[in-house]
Amino acid sequence: MKGSDVMATEAVELGHVPQSWTRRHLLGLEELTAEEITLILDKAVVFKRLMAEGRKKLQLLAGKTCVTLFFEDSTRTRTSFMLAARRLGADTLDFSASTSSLSKGETLVDTAKNIEAMGVDVVVMRHRTPGTPQLLAQNLACSVVNAGDGPHEHPTQGLLDIMTIRERRGSLQGLTVALVGDIAHSRTARSNIWGLKKLGAHVIVCGPSTLVSPRWAEVGVEYSYSLDDILPRVDVLNLLRIQFERQFSRPFPSVREYAHLYAMNSERLARTKHDILILAPGPINRGVEVTPDVADGSHSAILEQVTNGVAVRMAVLWLLTGNRK
Ligand code: CP
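So, a few notes on the structure that sits alongside this text. This structure is a prediction, so every number in the text was calculated from the model and none was measured.

### Comments concerning the side chain of R87
Considering the arrangement of structural elements, one finds R87 in helix α3 (residues 76-87). Using a relative accessible area of 18% as the deciding quantity, one classes R87 as buried. In contact with R87, other than residues within four places in its own chain, are M51, K56, K57, L58, V310 and M314.

Right, dumping it as structure tokens:
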């Protein structure tokens, strides 16, 4: 097949970026509609299939440039955004904050404007301070994607988690999904909560009382301090890491005690539904939130989440920039 034929096939399978998609930025799932979330997931399914068919060099974003601007460490998000952009045919640039002129007093907005002036179409940003991607979105003409802003949101993580559940279960409607662990400091929890609820799932947040606010009930989210109590009725468990780097004081006496009460292990697995789905956004701390046998066992979709992350990020980059000059 000639290059132009391959491109034509992709265009037929994906269609154009629909008129209904009007967003320039992806800053959080709280602001998206169920239809917008479903559109991203549907397109991600197409991209995943194209990748599985070996069509890993698409030209849909040829001539576009994507820059990753990460002020916090990352393995999965940064790498998969780079891969997603390259697989769409875009040029990529990985900005190194530690060796940049930020150390000379340049503001974040000035730094971003200078990068944009080099002809960048989309900035993918991670920052420890909530609202930083929103600040850039207000100041730049190009698209901005939030790749995690402190404990606020991590929309593409929420999307890839939801894609993995939908892939395994067909629909989110009526499922009970428990987010277990450090809800207080988790951007993944927030993005999951908004996305899951919009698609019809019942959400439970579960963990120590120091990390799970009862105020989640005000937005229709159930809360529980006992994993053992909720285990028999959940369809999906998403096991979140304890974010020690965001905590000012220890929220529980010891990691050992946390693991005793909340680690998903084979004994707890035996008390779940037979088709329980185990997710974890990563990085996982083996033996803390999940034991190795469960993380690597047949109910786990942890690496499938990572695979889906590339497809979701391809869909997001294509929707945000595919129609723009
Ligand atoms: N899940 C996630 O955001 O992983 P990274 O921090 O490695 O990007």
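Picking up after the structure, the text goes on.
### Topic: the site of the ligand
In the region of the ligand, the neighbouring residues are S74, T75, R76, T77, R126, H154, Q157, P281 and G282. In this structure, R126 approaches the ligand through a side-chain N or O atom, which is 2.9 Å from an oxygen atom. Compared with its free state, where it exposes 250 Å², the ligand has 91% of that area covered by protein. Cavity membership is defined here by more than half of the atoms lying within 2 Å of grid points; on that basis the ligand lies in the largest pocket.

### Quick look at the packing of aromatic side chains
One pair of aromatic rings is described through two measures. These are the centre distance and the angle between the planes. Going through the model one piece at a time under the given rule, you end up with 5 aromatic pairs. With centroids separated by 6.1 Å and ring planes inclined at 75°, the aromatic side chains of F47 and W318 adopt a geometry described as edge-to-face. You can see F47 sitting in helix α2 (residues 34-52) and its partner W318 sitting in helix α12 (residues 302-321), a full 271 residues away along the chain. The exposure class of F47 is buried, given its relative accessible area of 0%. A ring pair is formed by Y223 and Y225, whose centres lie 5.6 Å apart and whose planes are at 50°; its orientation type is tilted.

### So, the sheet that holds strand β1 (residues 65-70)
Strand order in this open sheet of 4 strands is β2-β1-β3-β4, and the pairing throughout is parallel. The outermost strands of the open sheet, each flanked by one partner alone, are β2 (91-96) and β4 (143-149). Pairwise comparison of adjacent strand axes, ignoring direction, gives a mean angle of 15° for this sheet. Bridge analysis of strand β3 (residues 122-127) against β4 gives 5 bridges, and the strand direction is parallel. Across the sheet, M125 pairs through a bridge with N146, a residue of β4.

### Some words on the layout of surface pockets
Estimated volume of the largest pocket: approximately 600 Å³. For the largest pocket, the lining is made up of 25 residues, of which E72, R187, R241, E245 and R246 are closest to its centre. Mapped by element, the contributors of at least two residues to the lining of the largest pocket are α3 and α7 (187-198). Roughly 300 Å³ of volume is contained in the second largest pocket. Taken together, 26 residues line the second largest pocket, and the ones lying closest to its centre are R76, I302, L303, Q305 and V306.

### Considerations on the packing of α3 against α12
Taken N-terminus to C-terminus, the directions of α3 and α12 make an angle of 55°; their axes are 8 Å apart at the nearest point. Our classification of the angle between α3 and α12 gives oblique. By crossing handedness, the relation of α3 to α12 is classed as right-handed. In contact with R76, T77, S80, F81, L83, A84, A85 and R87 of α3, α12 contributes V306, V310, R313, M314 and L317. Tallied by class, the residues present in the contact of α3 with α12 amount to 8 nonpolar, 2 polar and 3 charged.

### Observations concerning the environment of S191
Counting through the fold element by element, S191 comes out in helix α7. Sequence spacing of S191 and G148 is 43 residues, and the spatial spacing of their C-alpha atoms is 9.8 Å. The residues touching S191, leaving out its near neighbours within four places in the chain, are L29, E153, H154, P155 and G158. Engagement of the side chain of S191 in a polar contact is seen with the backbone nitrogen of H154, the distance being 2.8 Å.

### Comments concerning α2
The end-to-end C-alpha distance of α2 is 27 Å, a good match for the 27 Å that 19 residues give at a rise of 1.5 Å each. Among all positions in α2, only E36, I37, L39, I40, L41, K43, A44, V46, F47, K48, L50 and M51 are buried. Trailing α2 by a residue or two, G54 shows a phi angle of about 90°, which is positive.

### Some details on the environment of L39
Following the sequence through the fold, L39 ends up in helix α2. L39 sits in the buried class, given a relative accessible area of 16%. Placed 255 residues apart in sequence, L39 and V294 show a C-alpha to C-alpha distance of 32 Å. For L39, the contacting residues outside a window of four places in its chain are P18, W21 and L319.

### Quick look at the sheet that holds strand β6 (residues 202-206)
Strand order in the open sheet formed by 5 strands is β7-β6-β5-β8-β9, with parallel pairing between adjacent strands. Among the strands making up the open sheet, the edge pair consists of β7 (222-224) and β9 (277-279). Taken pair by pair, the neighbouring strands of this sheet meet at an average axis angle of 20°, ignoring direction. The pairing of strand β5 (residues 176-180) with strand β8 (residues 236-239) spans 4 bridges and is parallel. Looking across to β8, one finds that A178 is bridged to L237.

Rules used throughout
- Residues numbered from 1 in each chain as written.
- Predicted model: local features only at pLDDT ≥ 70, side-chain atom pairs only at ≥ 80, totals over all residues.
- Heavy atoms only, no water.
- Helix = DSSP H or I, 4+ residues; strand = E, 2+ residues; numbered from the N terminus.
- Buried < 20%, exposed > 50% of the residue type's maximum accessible area, 1.4 Å probe, protein only.
- Contact = heavy atoms within 4.5 Å.
- Near = heavy atom within 4 Å.
- Polar contact = N/O pair within 3.5 Å; in protein donor to acceptor, adjacent residues only side chain to side chain.
- Areas by Shrake-Rupley, 256 points an atom, 1.4 Å probe, with all protein chains shown as cover.
- 1 Å grid on protein atoms, 1.4 Å probe; cavity = no way out; pocket = protein on both sides within 12 Å on 5 of 7 lines; lining within 4 Å.
- Sits in = over half its atoms within 2 Å of the grid points.
- Phe/Tyr/Trp six-rings, centres within 6.5 Å; stacked < 30°, edge-to-face > 60°.
- Pairing = 2+ DSSP bridges.
- Axes fitted to C-alpha atoms, helices over the stretch in contact; angles between N-to-C directions.
- Points joined across faces, edges and corners; volume = space filled by probe spheres on them.
- Parallel < 35°, antiparallel > 145°, perpendicular 65-115°, else oblique.
- Left-handed = near helix turned anticlockwise from the far one by under 90°.
- Nonpolar A, V, L, I, M, F, W, Y, C, P; charged D, E, K, R; others polar.
- Expected span 1.5 Å × (residues − 1).

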